[in-house]
Amino acid sequence: MFAKLGLEKSDPFTALLIRTIGVFTALLLWGLATARLGSLKEVEPRTWALLLSEGLAASVVGHFAYFHALQAGKVSSVVPITASYPLMALILAIVLLGDKLSPGRGIGAVLIVTGIYLIQRF
């Protein structure tokens, strides 16, 4: 909701940059307050690469697309589609990580798709 309002007088890039600065500042202050910044030097290079890749995919590409969609469409139409991320995570976990599709997960996926359809339709 705040993003849609913020996009009334801003473009998606500027909005995402401002949001990212806010998140970075909050995390930096939290890290300083809890003395956790030192743990960064203990992280292995492979872990850095994986987490930076995930951050680029989710925060830059994903949120940029989300902000463009919010600017162009109605919140009530855009947000339910973004709520399909558990479905995407399930599909990627099966395809990339070899997770098994259990009956419960299959039913959950159907419920996600049904929920998105119902919210979009009504």
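Calculation criteria
Residues numbered from 1 in each chain as written. Predicted model: local features only at pLDDT ≥ 70, side-chain atom pairs only at ≥ 80, totals over all residues. Heavy atoms only, no water. Patch = residues over 30% accessible without salt bridge, like charges linked within 9 Å, V, L, I, M, F, W, Y side chains within 5 Å. Areas by Shrake-Rupley, 256 points an atom, 1.4 Å probe, with all protein chains shown as cover. Salt bridge = Lys/Arg side-chain N within 4 Å of Asp/Glu carboxyl O. Helix = DSSP H or I, 4+ residues; strand = E, 2+ residues; numbered from the N terminus. Axes fitted to C-alpha atoms, helices over the stretch in contact; angles between N-to-C directions. Left-handed = near helix turned anticlockwise from the far one by under 90°. Contact = heavy atoms within 4.5 Å. Buried < 20%, exposed > 50% of the residue type's maximum accessible area, 1.4 Å probe, protein only. Polar contact = N/O pair within 3.5 Å; in protein donor to acceptor, adjacent residues only side chain to side chain. Parallel < 35°, antiparallel > 145°, perpendicular 65-115°, else oblique. Nonpolar A, V, L, I, M, F, W, Y, C, P; charged D, E, K, R; others polar.

(A) Broad picture of a nonpolar patch on the surface. A cluster of nonpolar residues, Phe-24, Leu-28, Leu-29, Leu-32, Leu-37, Leu-40, Trp-48 and Leu-52, forms a patch on the protein surface that exposes about 770 Å² of accessible area. Of all the secondary structure elements, the ones that give two or more residues to the nonpolar patch are α2 (12–34) and α3 (45–72). Broken down by element, the nonpolar patch gets its largest block of residues, four residues, from α2. Here Leu-28 is to be found in helix α2.

(B) Region of interest: the packing of helix α5 (residues 85–97) against helix α6 (residues 103–121). With their axes 9 Å apart at the nearest point, α5 and α6 run at an angle of 140° to one another. In the crossing of α5 with α6, the sense of the turn from one axis to the other is left-handed. Residues Pro-86, Leu-87 and Leu-90 of α5 lie in contact with α6, whose contacting residues are Arg-105, Ala-109, Ile-112 and Val-113.

(C) Geometry of the side chain of Ser-10. Tracing the chain through its elements places Ser-10 in the loop between α1 (2–6) and α2. On the accessibility criterion, Ser-10 (17% relative accessible area) is buried. Of note is the side chain of Ser-10, whose polar atom sits 3.5 Å from the backbone nitrogen of Ala-15. The contacts of Ser-10, once residues within four sequence positions are left out, are Ala-15 and Gln-71.

(D) Spatial organisation of unusual backbone geometry. Of note, the phi angle at Ala-35 is positive, near 55°, even though the residue is not glycine. Turning to its location among the elements, Ala-35 is positioned in the loop between α2 and α3.

(E) Geometry of the packing of α3 against helix α4 (residues 75–82). Between α3 and α4, the shortest axis-to-axis distance is 8 Å and the interhelical angle comes to 155°. Between α3 and α4, the interaxial angle falls into the category roughly antiparallel. The crossing of α3 and α4 is right-handed. Packed against α3, whose contacting residues are Tyr-66, Ala-69 and Leu-70, the element α4 presents Val-75, Val-78, Val-79 and Thr-82 at the interface. Partitioned by chemical class, the residues of the contact of α3 with α4 number six nonpolar, one polar and no charged.

Read these as geometric descriptors, not functional statements.
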